[in-house]
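# Observations on the model geometry
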Amino acid sequence: MDIIDKTALHSLHIELQAKITAFSGYAMPLHYPSGIIKEHLHTRSHAGLFDISHMGQIHLTGDQSASELEKLIPSDIQNLPTGQQRYTVLTNKSGGIIDDLVIANLGSHLLLIVNAERKYIVLQHLKSHLPHHCHVEFQPDQALIALQGPKAVTVLEQYDTQLSNMPFMSIRQTTINHIPCTISRSGYTGEDGFEISVANINACHLAQQLLAHAEVQPIGLGARDSLRLEAGLCLYGHELSTETTVVEASLSWLVAKHRTNYLGAKRTQFQICEGAEHYRVGITTTGKSILREGSDLVDPQGNKAGYISSGSFGASLQKPVAMAYVLADLITPGIQLACEQRGKILDVTVCQLPFIQHRYFRPKPIR
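Only a predicted model underlies this, so the values are computations on that prediction, with no experimental measurement involved.

Parameters at a glance
Residues numbered from 1 in each chain as written. Predicted model: local features only at pLDDT ≥ 70, side-chain atom pairs only at ≥ 80, totals over all residues. Heavy atoms only, no water. Helix = DSSP H or I, 4+ residues; strand = E, 2+ residues; numbered from the N terminus. Expected span 1.5 Å × (residues − 1). Buried < 20%, exposed > 50% of the residue type's maximum accessible area, 1.4 Å probe, protein only. Contact = heavy atoms within 4.5 Å. Arc of directions from axis to C-beta. Pairing = 2+ DSSP bridges. Core = buried A, V, L, I, M, F, W, Y, C linked by side-chain atoms within 4.5 Å. Lys, Arg positive; Asp, Glu negative; His and termini not counted. Salt bridge = Lys/Arg side-chain N within 4 Å of Asp/Glu carboxyl O. 1 Å grid on protein atoms, 1.4 Å probe; cavity = no way out; pocket = protein on both sides within 12 Å on 5 of 7 lines; lining within 4 Å. Points joined across faces, edges and corners; volume = space filled by probe spheres on them. Nonpolar A, V, L, I, M, F, W, Y, C, P; charged D, E, K, R; others polar.

### Side note on helix H6 (residues 200–211)
The terminal C-alpha atoms of H6 lie 17 Å apart, and with twelve residues this matches the ideal 16 Å at 1.5 Å per residue to within 8%. Among all positions in H6, only Ala203, Cys204, Leu206, Ala207, Gln209, Leu210 and Leu211 are buried.

### Regarding the environment of Leu291
For Leu291, the location among the structural elements is in the loop between strand S15 (278–285) and strand S16 (296–298). The sequence separation of Leu291 and Gly83 amounts to 208 residues, and the corresponding C-alpha distance is 40 Å. In contact with Leu291, not counting residues within four places along its chain, are Ile283, Thr285, Ile308, Ser310, Gly311, Ser312, Ala322, Cys339, Gln341, Leu346 and Val348.

### Regarding helix H4 (residues 119–129)
Turning to H4, its buried residues are Lys119, Val122, Leu123, His125 and Leu126. The arc that holds every buried residue of H4, seen down its axis, measures 165°, which confines them to one face. Projecting away from the buried face of H4 at angles above 90 degrees are the exposed residues Tyr120 and Gln124.

### What about the sheet that holds strand S3 (residues 26–31)?
Ordered by their spatial adjacency, three strands build an open sheet running S1-S3-S2, and the pairing between neighbours is mixed. On the outer flanks of this sheet lie strand S1 (5–6) and strand S2 (19–23), each paired with one strand and no other. Sheet topology note: the S2/S3 ladder contains five bridges and is antiparallel. Bridging from a neighbouring strand, Lys19 pairs with His31 of S3.

### A look at the nonpolar core
Counting 27 residues, the largest nonpolar core has Leu49, Leu147, Leu156, Cys181, Ile196, Val198 and Leu206 as its most contacted members. Those elements that provide at least two residues to this core are strand S4 (47–51), strand S10 (142–148), helix H5 (152–156), strand S12 (179–184), strand S13 (193–199) and H6. In terms of residue count, H6 provides more of this core than any other element does, six residues in total. With residues up to four places along the chain from it excluded, the contact list for Ile196 reads Ala143, Leu144, Ile145, Leu156, Ile176, Cys181, Thr182, Ile183, Leu206 and Leu210.

### A closer look at the side chain of Asp99
Note on placement: Asp99 falls in strand S7 (residues 97–105). No salt bridge forms around the buried Asp99; measuring N to O, its nearest opposite-charge neighbour Arg118 is 5.0 Å away. Beyond its immediate sequence surroundings of up to four residues, Asp99 is in contact with Thr88, Val89, Leu90, Val114, Asn115, Arg118, Val122 and Tyr236.

### Quick notes on the pairing of strand S8 (residues 110–114)
Burial within S8 is extensive, with five of its five residues counted as buried. Residue alternation in S8 divides its side chains into two sets, Leu110, Leu112 and Val114 and Leu111 and Ile113, and both sets are buried. Bridge count for strand S5 (residues 56–61) against S8 is five bridges, and the pairing is antiparallel. Note that in S8 the partner of Gly56 across the bridge is Val114. Both S7 and S8 contribute to a ladder of four bridges, which runs antiparallel. Residue pairing for S8: Val102 is matched across the bridge by Ile113.

### Re the pairing of S5
A regular strand places its side chains so that they alternate between the two faces of the sheet. With respect to burial, S5 is a largely interior element, five of its six residues being buried. In this structure, S5 lies alongside strand S9 (residues 135–138), joined through four bridges in antiparallel fashion. Of the residues in S9, the one forming a bridge with Leu60 is Val136.

### A short note on the pattern of salt bridges
Using the criterion set out here, one finds eleven salt bridges in the structure. Between Arg44 and Glu191 there is a salt bridge, and its shortest N-O distance comes to 3.1 Å. In this pair, Arg44 is assigned in helix H2 (residues 36–45) and Glu191 in the loop between S12 and S13, connecting sequence segments 147 residues apart. Across this residue pair, the class does not change: Arg44 and Glu191 are buried. A salt bridge links Glu230 to Arg44; the shortest N-O distance between them is 2.9 Å. In this pair, Glu230 sits in helix H7 (residues 221–230) while Arg44 sits in helix H2, placing the two residues 186 residues apart along the sequence. You'll find Glu230 and Arg44 in the same group, each marked buried. Here the salt bridges share partners, and the residues they tie into one network are Arg44, Glu191, Glu230 and Arg359.

### Details of the layout of surface pockets
A probe as big as a water molecule, rolled over the atoms, marks out the empty space that is left. One number sums up the size of the second largest pocket: a volume of about 200 Å³. Forming the walls of the second largest pocket are 16 residues, and the residues nearest its centre are Tyr26, Ser53, Pro140, Gln142 and Asn200. Of all the secondary-structure elements, those providing two or more residues to the lining of the second largest pocket are S1, S5 and H4. Its residues assigned to classes, the lining of the second largest pocket shows six nonpolar, seven polar and three charged.

### Comments concerning unusual backbone geometry
Cis geometry is adopted by the peptide bond preceding Pro354, which originates at Leu353 and carries an omega value of 0°. Structurally, Pro354 is set in the segment after strand S20 (344–351). One non-glycine residue, Gln17, lies in the positive phi region at around 60°. Relative to the helices and strands, Gln17 resides in the loop between helix H1 (10–15) and S2. Backbone geometry at His178 places phi at a positive 70°, although glycine is not the residue there. Mapped onto the elements of the fold, His178 is located in the loop between strand S11 (171–176) and S12. Taking relative accessible area as the criterion, His178 reaches 78% and is therefore assigned exposed.

Treat this as a map of the structure, not an account of what it does.
If you want it as structure tokens, here you go:
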């Protein structure tokens with residue numbers, strides 16, 4: 001029997017009557033009594049608090065650690081200013097994705113936020129590929145809390161007024177009611193919001209303070225998944241894998257144009273120039289059936305066209321939404337396909353991602 005870990009907020013989830021489920025080796029809240037749809041809509045209209053402490057936090061220090069890390073990713077990190085972070089991927093020798101992650105420059109060190117089920121794989125990959133003068137330190141004593149939605153800034157600026165001016169993908173160290181925190185303006189919902197790294201011993205107290213605000217409700221993994229799907233954001237193990245490249249995942253924008261010296265660069269550059277066999281796209285349907293992961297897609301002639309990688313009910317849109325991998329000549333928005341699911345044929349349409357407009361805070365520069 002697998003051992004299930006608990007996050008620092010587990011007792012709070014129980015107190016709030018969460019339905020607990022096993023996820024990536026952790027006992028995590030799937031939803032609270034209000035249910036997934038109400039939690040989803042509350043995040044879109046107000047603010048939702050998510051426990052994402054199952055994710056991994058890694059510190060990277062040492063001379064030239066940024067330049068050495070660049071040999072493992074397709075993005076630039078050496079030019080990342082202090083107080084900024086960047087979304088990217090770790091690639092293997094064949095260009096497949098080991099994990100997608102966020103790298104933040106905190107001046108004294110780089111902070112890497114990695115996926116829960118991949119964190120120990122990432123840790124081993126870094127230790128085996130980075131030179132000894134680069135120090136890789138896992139941070140198991142840190143929790144991670146996300147506050148997402150249009151009212152998130154209204155809540156947090158009551159503790160630190162400077163947070164309201166932080167642009168998307170910036171990060172700073174501060175305190176909330178004397179609790180030390182590292183706060184980034186980022187998230188996984190498509191909404192404006194923040195992610196807060198805090199010591200495990202302070203996590204429950206901080207979460208309770210934030211939940212005391214009328215605008216804030218606790219949100220489980222169910223709504224987190226439907227929110228990210230509407231926002232067209234990838235989930236490792238669904239849209240991303242060690243067999244999938246950034247080009248196929250429609251993440252070519254992560255690749256710095258001049259970079260050719262990272263693991264998997266040969267295949268990545270070939271696909272950028274020559275194209276890939278299939279690509280990640282959005283899928284909609286006029287029916288009410290949820291399109292299930294793994295369901296086959298076929299073209300009008302009955303030939304296999306691809307497969308569903310993620311599907312859910314888009315509560316903001318009041319209809320099912322999905323992402324899929326589709327053959328390159330069938331990715332034009334508006335192309336009609338069919339989904340074979342549970343003995344039924346469902347009509348579906350290829351569409352652009354995301355399904356909802358991102359509402360990240362990007363202030364216009366002052367001229």
